[in-house]
Each structure stands twice: as structure tokens, then as C-alpha cells.
Amino acid sequence: TADVHGRAAAMERRGCGSHWAFCDFFFFSLFFSFFGLAGSSSSSSSLGLAPGTGTGSSIYTDHPSRGMSGGAAPFLYRPSSTDRMPHASAASAAFGAPHLARRPKNLIGDAYLEEMVAAAAAAQQRLHHGRTSLDGHPHGGEVLNILIQFAERPDESLSTNYSDLLRRDAPVPRFAALLAQRLKTPWPSPSDSALEDASSSLDYSDPFSDLPPVSLKPTHTDEAATRQRELLRGHIQQLQKASQQKHEGVAIDACGKLLEIFSPDGPDGSMHPIAEGKEGSRANSISVSSERAGSRSGESRANEAAVFMSEHGMLPLVHMLSSSDSTRVNLKLLELLNAILQRGGVAVCETACLLGVIPAVLRFTEPHLPQGTRLEAARFIHTMCTRSVLTLQMFVACYGLPALVRLLLSPAESHELVLFSIDAMKSVLDMKGHSPRNDLCRTFVELGVLELLMHALHEINAKHPGHAERASEIFLLFSCADTVVKAQIATRLVLPGLIRVVERPHEFGPEVVLKLLRCIKHLCMGDASHMEALQRAKAVPTLVAMLKLTQAQAHAMSSWAEMRNVCVNALYLLCKISRSRQEEAAINGVLPPLQALIEQGSPLKQFALPIVCDIAKASKRARAELKHHRGVQFYLGLLATEFWQEAALDALLVWLLDEGAYVSKVMEGPQGVQALQGVMDCGNNLFVNMLEPLRQIVYNSAPVNRALGKLAGHAGVSPFVSSLVKRLRHQDALVRRLLLDIMTSLYEHHRSPKLLVERHRLKPVLTDIIENDPGVLVQNVASRLFRAFEAHDIL
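Residues numbered from 1 in each chain as written. Predicted model: local features only at pLDDT ≥ 70, side-chain atom pairs only at ≥ 80, totals over all residues. Heavy atoms only, no water.

Details of the overall build of the protein chain
Inclusion rule: Under the scheme used here, helices are H or I runs from DSSP no shorter than 4 residues and strands are E runs no shorter than 2 residues, and both carry numbers assigned from the N terminus. The cut-offs for exposure are 20% and 50% of the maximum accessible area for each residue type, with area from a 1.4 Å probe on protein chains only; residues under the lower value are buried, those over the upper are exposed, and the others partly exposed. By the convention used here, residues are in contact when the closest approach between their heavy atoms is within 4.5 Å. Accessible areas in this description were obtained via Shrake-Rupley with a 1.4 Å probe; residue shielding takes into account the shown protein chains only.
Looking only at helices and strands, one finds 45 helices and 2 strands in the protein chain. Of all 795 residues assigned to the protein chain, the portion counted as buried reaches 51%. In the protein chain, once contacts between residues fewer than 6 apart in sequence are set aside, the share between residues at least 24 apart is 71%. Looking at the protein chain as shown, the accessible area adds up to about 36,600 Å², and 53% of this sits on carbon and sulfur atoms.

Pasting the structure below:
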């Protein structure tokens, strides 16, 4: 304060204009007053209003035109640490600025500064009118302390004659224009209607500005609140004393008295339980506020938690939490802190974070500390992570993630530490805004949370199924992260526990199982090493067992349809490129449920069909399973299914080459002949792709060959050969050559080759190809077949 006063006096001595000196001095004085660094309230003698008290560090500049006693014109700003912003409106209304009295209270920043300046100007004008004392004024007693802070010379730019300001109709000096020019920033006029919304556009707002001022004399309706605040102030002073003297007994006594004020509303005095279910975390953060609001006797009663913060009670609390080594003291301090934060609103929690409470509490999560201390620390962490986005971000920024992992170590039988930790981790990973979720997942994984969380999921499932579901949601978020995180999930420490949950859907609940099934699917979409780890953990048999659940068991689970979808997708990804996993799936009985999905026309058949078709290529053991489930007949049926004829024909070819006798026996029957006939009648694109496997089937299986060339019906022709002859007009030379190769095989294995040539009139067809076909290879194949006819004396 002395430095500011000296600065103003120095400017006066240098000959600066009075309004410049005032503005410079007034700006810095207000700065110090806002942060509580200015001196105490001055007496009324500083204005020459009442004698008796010293002037302190007041600054006076003589001016003969003041006309005041002793020629002393006041030029000072003496703020009081106990004064509050609401006094400004009363001052304005009482001393000539009624338009400011209608403004909303608790304005801060620029709007507050302007209002105080106008009040000071009005007071100074009143003094120039001859009032040398405020005694007798109806509002003088209430606003004396605020008005003695402001006095200044009028703006000389308004009038060169100071006597003009002594008139009754003298205007209020334009202090706003002076400040705008001095600070080089826009300064709205008091008459600007935009000031009505000033409080909503300011960069900073005091979260406790709505508290009633302590210095005001309470009315009969506020006496109880005032007594409560005075009692609270006394306890805070006792806590400050204990912090300074490091006295354990005083600290415990102060905490006990404060806990009586901030004790929970519950009848048993215990903290509110942790809610279960999907909305449990959000409910935990708002239940305390709603119950507290309902227990209030009236809205006029002051908020004790906010008063505690405004009276600087959090500072000694944080200091003692940071420095005390006493278990008893730390436990009491944590209980008090949690009670205050639970009773207080969002502003209380955010202000406590700004004062450094989070680092002070995080050290109490260590596993070697008493269980009660860790529980209070966990309760505090839960509050920080669920109260608001800002407190959550501050918690993460204070390196709070290791504390969440430590809470999973050495948990108590009641599992409260684990429940608090799971809620907090879920809030961290669900953080809104531009949160780096992948980096947060990496940080958790590096801290070793996966193994601990999987163990916790198994432990809490029986008594706390809701939190078991939240733990599964956390695993699902981890599985959506990058390869580094997925690689940590796909380890022997985590993956077996995950598979055990999926193996027991009726024990863990369908929602938990569904989320972990999605984790498995996400791992299948990663690196090949992840799928190998899943295979070692017996993921394929587990997924197959899930698909083989009976209809009664499936209907008992609400999420069965979605669970089946995820299982089929995961099996498709696992079996897509691995013959060993295809064999494993077949051995464990995957064929019946997949065949059922295909026959029912389920949308999942697009994933089931590739699995079933690939099993024929896996191994002899896999094909043995196909025999038990009529695999050949199933593949022949697929030859009539659009988009899957090629895959089915490839599977039949592979199986035919391995077990020709068995497959040929089925394919030479009516179903097989009709299915292969359908290949010749399908669209051009599919027809072209299937010609090569069809040629190999006809070439390698004599029974199938003879069945296709068999003359039947009244006309005595083969439908297959007739379709083949029509296709010889195809524009692709490769297709024509393959068709001639198939015809050559049919001719060589036919029981009546002469009738085959005559009935289908092959002579003119071959002659036309030899003479007119542009393809040289096609002509060569046709010429060889024609010579074969001649060699057998057919023509």
C-alpha cells in the first residue's frame, strides 16, 4: 500500500495532471484490493468527515479551490479487507447514482470497478456541496466504510471552474472516460445497457460472491446463519493455529468440531453408498447435492462449505495434509475434507483443486497405509473424478492415474477401494472434450492396471455386478486403443481371466460377457500375434461353446442375439487365414450352429459360409467332421446360392482330391448332377471363375464325368453337354478352350461316345471352330478332339 501511495505522490511531484495521477494510482490500488493486499479500513477523518483517528498512510494534495476545512482535498484509496462488492450498489443509490443501484449485485472486474468509481464521484460531489459529514444520512452507517475508500479531484477537462461542481445539478465526473484513456482499453459508460449482462461475459467470477457479507448486521431471519458463520470462523482459526504450531491435539479437536457442522445428512452418519448400474457414477456425483438441498431449512441459510472456502479454511487443511505424518490427524483431515466437498458444490471442489488439495491427498493411496486412510483418500478421488469436468482434468493433470491403480492393490473385503477406483477410471476414460484417450489407456497399461482390474472383476462380480459391468466397459475401451494396448491385453496375465468370464455367462451376467466378447473381437482385428495368443488361451473352443448354447439357455440371456453376432464375427476373423484354428473350430463342433444360420438365411451367413467352406481345406480331421454333418450335400446345396458357388465348388474339389471315392459317390447322384448343371447356367462372371475347378472335377472323377455325360430323356441328350455346347460361343478364348477340355474329358469317359457326338451334333460345331475361331489354342484343342473322333471311326 505504501508503495502505491508513494507512486501517486511521485507522479504529483513530477507535475502530472491530477486526473492522470489519480487514474494510475486508482488502477493499482484496485488491483491490490482485489487480492486482499491493501491495508485496513481508514477512518472517517481521511475524508475530513469526522475527527479523531489518524490518517495512516493517507496522501493529501492541497488545492485552494476545494473550500474544505484546512484546505485539504483528499486524494486517496484506502480499501478494507472485509468490504464486499455488494456495498457498491448501495453506495451508488445513496449518494447520487440511483441508476447503478438497479444493476445486478456481485458484478466483478470492469463492471464493479466502474460502479465503485461512480459511487466515489457521487460522494465527492456531495462533499463539494457542503456536506462535511455523513452523520444523519439514512444510509450513512451502512456505506461509510465503502465510501471513504474513494475520493478524487474532478475531471479538469469537464470545466475549468471548480465552482461549477458545487451546484446541485452538477454532473458526475466522467471517470469512465479517464480510465479508458489511461488503461488504453474500452470502458463502457454507466448508462450502457450492455452492462446489464456484464456478469455473463467476464473472464473471471468469484464462485462465492453470492455469500452474504459478514460485516453487515444480520436481520432476525439471518441471525442463525450469522451465528453459524461466526462459529465456523472460530473453528477455522483453531485449525490455522494447529497448522502453524503443528499441534496434533488441536488439529484433531478442530476437525472434530468442523465435522459436526459438515456431518452427512444420513441418520447413521455414514457416507452415501456407491450406486450400481449404468448411471451409477453420475448418480453418485449428484445424489449428495440433491439430498443436501432437500434437508435445508431455507435458501437464505448460508452454505457452510462455501463459507469455509471464503474464510480461507482450505489452506491450513491442505498444508496439514501435505506435511502431517500422524495417522490420526491425517484420517481426521481426510474425513473433514470429504465432508466439505460432499456438502459443497462444484465451485467448492474446483477451488479446492486450485489450492493444491489433489497432490496432498494422493499420497494416502499407498497400500501400506491403514485401510481407513486409504478409504477416505479413495472417497476424495471419487469425488474429484465425478463432480465436474474441470476437477477431473485437474486430477489427471496432477498425475492421479497411478493413485487409481494403487487403490486396486491390497483391497479390503468390502471392496470399497476397488469400487471407487473403477468409477474413477471409467470417468477418466469417458472424459469429454479433446481428451487423449489412447494415451490415457497407454498410461494405465504401463502402470499395470490390466491384471489388477481383471482380478478385481472376478472378485466383485458376486456382490457388485454393476461395478463388474463397469470394469468390463473399461476393458472394452482398452481393446479399442492402439496395438500397444492390445498387445498388453493379449498376454498370459490378462487373457485367460477374460476367457474364463466368457466361459461362464450365467455367472457373470450377459452384459459383462457381451462386452468382453467385443474385446476378443477387437483383438482379432489386430496383429496376427494377438490371434495366436487367443488361440493359446482357448478362445476358439470358448466361442464355439457359446454358439452351441441350447435354445432355452439362449432365451435366458437378454443379449443373446448380439452375443451370437459377436461370436460369429470373432470366429470368422480367427479362422480366416489359419488352418489350425479352422480344424480346432470343426473339432469343437462349430458346424451345426453355422449350418443352421446359413439354412435360416440369417444375415450372419456372410460370416458363417466362409468358415464352413474353409473347413474342407483345413485337414483330414476337419473333413472327418464334415462327413458327420453331411458336408458334401451341404456344399452341393450352396452351388445354387448366389455369390457362394465358387467357394463351395472349391471346397468340393479339395475334398474330392483327398477322398475321391466318398465325394464322387455323393456327387454322381441326382443332387450332384443337378447342382453341377447349375454351374453351366449361372451368370457370366461366376461361370468364368468356376470353369477351372469344374474342369478338374470332371477330369479327376470318372463317376462324376459319366454322370454328367449320361444321355437321358426322350431326346436322348445330356443337359450338361447341351449347355456346354451353347457356351462355346463365349467371346473369351480362354473360356472356349476350357469348355473344349471339359468336352474332351466327357468324350473320353463316355460309355457311348458315338451317340454323344451324334445326339449333340458335335461335328459341325468343331468344324466351325477349326475354320473360324480366332484363337489358335482353341483351334488346336478342337482339332485334337476332331482327330479323336476320326481315330475311333466315329464319323
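Brief notes about the packing of aromatic side chains
Counted only if it meets this: Aromatic rings from Phe, Tyr and Trp, with only the six-membered ring used for Trp, were paired whenever their centres fell within 6.5 Å, and each pair was classed as stacked if the ring planes differed by under 30 degrees, edge-to-face if by over 60, and tilted otherwise. Lysine NZ or arginine CZ positioned within 6 Å of the ring centre and within 35 degrees of the ring normal marks a charge as sitting over the ring.
Summed over all chains, the structure comprises 7 aromatic pairs. Centroid distance Tyr635 to Trp655: 6.3 Å. Interplanar angle 80 degrees. Geometry classified as edge-to-face. Residue Tyr635 is found in helix α35 (residues 631–638), and its partner Trp655 is found in helix α36 (residues 645–658); the two are separated by 20 residues along the sequence. Trp655 shares its class with Tyr635; the two are buried. An aromatic cluster is defined as three or more aromatic residues linked by ring pairs; in this entry it consists of Phe634, Tyr635, Trp655 and Tyr662. Sitting above the plane of the Tyr662 ring, Lys627 keeps its charged end 5.0 Å from the centroid. Stacked on the ring of Phe687, the Lys or Arg Arg727 has its end atom at 4.0 Å from the ring centre.

A short note on helix α28 (residues 539–547)
In terms of residue burial, α28 counts as a mostly covered element, since 7 of its 9 residues are buried. Looking only at α28, the buried set comprises Ala539, Val540, Thr542, Leu543, Val544, Met546 and Leu547.

Notes on the pattern of salt bridges
To be explicit about the condition: We count a salt bridge whenever a side-chain nitrogen from Lys or Arg sits within 4 Å of a carboxyl oxygen from Asp or Glu.
In the structure shown here, the tally under the stated rule is 24 salt bridges. Glu469 is the salt-bridge partner of Lys515, the closest N and O atoms lying 3.5 Å from each other. Of the two residues, Lys515 sits in helix α26 (residues 510–524) while Glu469 sits in helix α22 (residues 465–479), which places them 46 residues apart along the sequence. As far as the burial class goes, Lys515 and Glu469 line up, both buried.

A closer look at the confidence of the model for the protein chain
Our working definition: Confidence scores here are pLDDT values: one per residue, from the predictor, ranging 0 to 100.
Of the residues in the protein chain, 67% have a pLDDT of 70 or more, and the chain-wide mean is 75. Overall, residues 132–167 carries pLDDT values under 50, and its contacts beyond four positions in sequence, including any with other chains, amount to 91 contacts. Considering only residues more than four positions removed or in separate chains, one finds that residues 213–218, a stretch of pLDDT under 50, has 11 contacts.

A look at the nonpolar core
Filter applied, for reference: By nonpolar core we mean a set of buried residues, namely Ala, Val, Leu, Ile, Met, Phe, Trp, Tyr and Cys, connected to one another through side-chain atoms within 4.5 Å.
Ranked by internal contacts, the top residues of the largest apolar core, which has 201 residues, are Phe262, Phe308, Leu317, Ile381, Phe444, Phe478 and Tyr635. Ranked by the residues each element gives to this core, the list is headed by helix α30 (residues 560–575), at 10 residues. In this view, Leu317 contacts Leu239, Phe308, Leu333, Leu336, Leu337 and Ile340; residues no more than four positions away in its chain are not counted.

Here's the deal with the packing of α22 against α26
For clarity, the threshold we go by: Axis lines are fitted to C-alpha atoms, over the contacting stretch for helices. Their N-to-C directions set the angle, which ranges from 0 to 180 degrees. The cut-offs work like this: below 35 degrees is roughly parallel, past 145 is roughly antiparallel, 65 to 115 is roughly perpendicular, and the gaps in between are oblique. The hand of a helix crossing depends on one turn: near helix anticlockwise from the far one by less than a right angle means left-handed, and clockwise means right-handed. Residue type decides the class: Asp, Glu, Lys and Arg count as charged, Ala, Val, Leu, Ile, Met, Phe, Trp, Tyr, Cys and Pro as nonpolar, and the leftover types, Gly among them, as polar.
It is at 9 Å that the axes of α22 and α26 come closest, and there the two elements cross at 15 degrees. Classified by the interaxial angle, the pair formed by α22 and α26 is roughly parallel. Between α22 and α26 lies a crossing whose hand is left-handed. Each of Ala468, Glu469, Ser472, Glu473, Phe475, Leu476 and Ser479 in α22 lies in contact with α26, whose residues at this interface are Glu511, Val512, Lys515, Leu516, Arg518, Cys519 and His522. Of the residues that constitute the contact of α22 with α26, the class distribution is 6 nonpolar, 3 polar and 5 charged.

Considering the side chain of Arg727
What counts, and what does not: Neither His nor the chain ends contribute to the count of charged residues, in which Lys and Arg are positive and Asp and Glu negative.
Structurally, the position occupied by Arg727 is in helix α41 (residues 719–727). Although Arg727 is buried, it makes no salt bridge; Asp681 carries the closest opposite charge, 5.9 Å away. Residue contacts for Arg727: discarding those within four places in its chain leaves Met680, Asp681, Cys682, Asn684, Phe687 and Leu739.

What about the packing of helix α24 (residues 495–503) against α26?
Running from N to C, α24 and α26 cross one another at 135 degrees; their axes reach a closest spacing of 9 Å. Our classification of the angle between α24 and α26 gives oblique. Between α24 and α26 lies a crossing of left-handed hand. Here α24 contributes Leu495, Leu498, Ile499, Val501 and Val502 to the contact with α26, which in turn contributes Val512, Val513, Leu516, Leu517, Cys519, Ile520 and Leu523.

Observations concerning unusual backbone geometry
In this structure, Lys246 takes a positive phi of about 55 degrees despite not being glycine. Its place among the elements puts Lys246 in the loop between α8 (223–245) and α9 (248–262). One non-glycine residue, Tyr399, adopts positive backbone phi at about 60 degrees. Secondary-structure assignment places Tyr399 in the loop between α17 (389–397) and α18 (401–406).

Here's the deal with the environment of Leu452
Inspection of the secondary structure puts Leu452 in helix α21 (residues 449–460). With residues up to four places along the chain from it excluded, the contact list for Leu452 reads Val405, Leu408 and Leu409.

Focus on helix α31 (residues 579–587)
Residues Arg581, Gln582, Glu584, Ala585 and Ala586 constitute the buried set of α31. Directly after α31, the chain includes Gly589, whose backbone phi takes a positive value near 90 degrees.

A few points about the side chain of Gln582
The test is simple: Nitrogen and oxygen atoms within 3.5 Å of one another constitute a polar contact, given that in protein one can donate a hydrogen and the other can accept it, and given that sequence-neighbouring residues count only through two side-chain atoms.
Among the structural elements, Gln582 can be located in helix α31. Gln582 gets classed as buried once you look at its relative accessible area, which sits at 0%. Of the polar contacts made by the side chain of Gln582, one reaches the backbone oxygen of Cys575; its length is 2.6 Å. Once residues lying within four places of it in the same chain are set aside, the contact partners of Gln582 are Cys575, Lys576, Asp614, Ile615 and Ala618.

Section: the environment of Glu376
Mapped onto the secondary structure, Glu376 falls in helix α16 (residues 371–387). A relative accessible area of 10% places Glu376 in the buried class. For the pair Glu376 and Glu335, spaced 41 residues apart in sequence, the C-alpha to C-alpha distance is 6.4 Å. Sequence-distant contacts of Glu376, that is, excluding residues within four places in its chain, are made with Leu331, Leu334, Glu335 and Asn338.

Notes on the state of the cysteines
To keep things clear, this is the line we draw: A pair of sulfur atoms, both from cysteines and within 2.5 Å, is called a disulfide here.
For the structure on display, the rule yields 0 disulfides. As a non-bridged cysteine, Cys519 has Cys480 as the owner of its nearest cysteine sulfur, 7.5 Å distant. Taking the relative accessible area as the measure of exposure, Cys519 reaches 1% and is therefore buried.

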